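Survey of secondary and tertiary structure
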Amino acid sequence: NAMLFDLMKNYHQYWVNQDCIRLSQTSFLPSIQSSPFYIITRTHDRPYLFSHMRQSLTEQVYPQSRIYHIVCTDNTASYDYVKSTLGIDYHYHLPVHKDLTNSHFHPNQYIDLIYAEIIQATSLDGWILVMDDDDHFLHPYVCMFLSQYLTDIHNVITWKFYRPDKYIYPLDTQHPQMGEIASCGYLYHSSQIQLGYWHQGGQGDYPFYQMLFDSRQERFRIFLDIYLTGVNYETSISGWSAM
């Protein structure tokens, strides 16, 4: 299985790279200047994994001025290594956020706090990807490859997420189920944000994805049967066991 996964991952990397070479030779390339990406990352006491994720972002063959990294921390150690990282565009430190006094606060609620900031900041108009510190881009051409699908703000783009033990992707794209969608496996426009859908727990992002999926016509649901993101370690399926 490991050999098969590696073979498919390498094939998809080659396919993405070749497709982007084709795009670069057409009039499409200048248009990507108008497609900013906002990468939302929560990191907690995992400087090595965060550094690996960050490297995959800075290696994207895409205008770096159009990739904005929004990082959230919740303790002093995490705050320190994020602050020492160059190129972070927005840094939210949760302990100083007034909403933390709410007794109903849960670990995934940081997403809503950042969403609220994005909604209020009209300049943050672009495409959102939630990428935790144990995720990364599998190829340097992912953002360029995805940009060809950013033709309508109602589009939701979903792709395969790589784990050493399996890929995460719907068996039936007409009826995606919980456990078949990775939080780092879909992209959506900032205008489609709605608060309150991220729930507590390991699959807390699924209600938000289900809302996006259910609220739009089929032509706006784009599924890419290809690996674009995955975990940034090879011997574990949990970031905590990879520490």
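Here, the structure is the one placed above.
Notes on the structure follow.

Each value, and the rule that gives it
Residues numbered from 1 in each chain as written. Predicted model: local features only at pLDDT ≥ 70, side-chain atom pairs only at ≥ 80, totals over all residues. Heavy atoms only, no water. Buried < 20%, exposed > 50% of the residue type's maximum accessible area, 1.4 Å probe, protein only. Helix = DSSP H or I, 4+ residues; strand = E, 2+ residues; numbered from the N terminus. Right-handed = clockwise from strand over helix to strand, strands pointing away. Pairing = 2+ DSSP bridges. Polar contact = N/O pair within 3.5 Å; in protein donor to acceptor, adjacent residues only side chain to side chain. Contact = heavy atoms within 4.5 Å. Salt bridge = Lys/Arg side-chain N within 4 Å of Asp/Glu carboxyl O.

Attention now goes to the pairing of strand β2 (residues 67-73). Most of β2 is tucked away, with 7 of its 7 residues classed as buried. The alternating pattern of β2 places Ile67, His69, Val71 and Thr73 and Tyr68, Ile70 and Cys72 on opposite faces, both of which are buried. With helix α2 (residues 47-58) bridging strand β1 (residues 37-42) and its parallel neighbour β2, the resulting β-α-β unit is right-handed. Pairing of β2 with strand β3 (residues 90-93), which is carried by 4 bridges, proceeds in the parallel orientation. Within β3, the position partnered with Ile70 by the bridge is Tyr90. In the classification by handedness, the crossover that spans β2, the intervening helix α3 (residues 76-83) and the parallel β3 is right-handed.

Now for the environment of Asp45. Looking at the element boundaries, Asp45 is found in the loop between β1 and α2. With 31 residues separating them in the primary sequence, Asp45 and Thr76 have C-alpha atoms 9.1 Å apart. Of note is the side chain of Asp45, whose polar atom sits 3.0 Å from the side chain of Asn75.

Its place among the elements puts Ser183 in the loop between β7 (167-168) and β8 (186-189). Not counting residues up to four positions away in its chain, the partners in contact with Ser183 are Val130, Trp198 and Asp205.

In this section: helix α6 (residues 206-214). When you tally the buried positions in α6, you get 7 out of 9 residues, the bulk of the element. Burial in α6 covers these residues: Tyr206, Pro207, Phe208, Tyr209, Met211, Leu212 and Phe213. Those residues of α6 that are buried are in contact with α4 (109-120), β6 (156-162), β8 and β9 (221-231).

Right, let's get into the pattern of salt bridges. Overall, the coordinates contain 5 salt bridges when judged by the stated rule. Here Asp133 and Arg46 are joined by a salt bridge, their closest N and O atoms 2.6 Å apart. Taken together, the residues Asp133 in the loop between β4 (127-130) and β5 (135-137) and Arg46 in the loop between β1 and α2 connect sequence positions 87 residues apart. As a salt-bridge pair, Arg46 and Asp134 come within 3.8 Å of each other at their nearest N and O atoms. Pair noted here: Arg46 is in the loop between β1 and α2 and Asp134 is in the loop between β4 and β5, with a separation of 88 residues, a long-range link.

Moving on: the side chain of His69. With respect to the element layout, His69 can be found in strand β2. Owing to a relative accessible area of 0%, His69 belongs among the buried residues under this scheme. Side-chain polar atoms of His69 contact the side chain of Arg54, separated by 3.0 Å. Residue contacts for His69: discarding those within four places in its chain leaves Ile39, Thr41, Phe50, Met53, Arg54, Leu57, Ile88, Asp89 and Tyr90.

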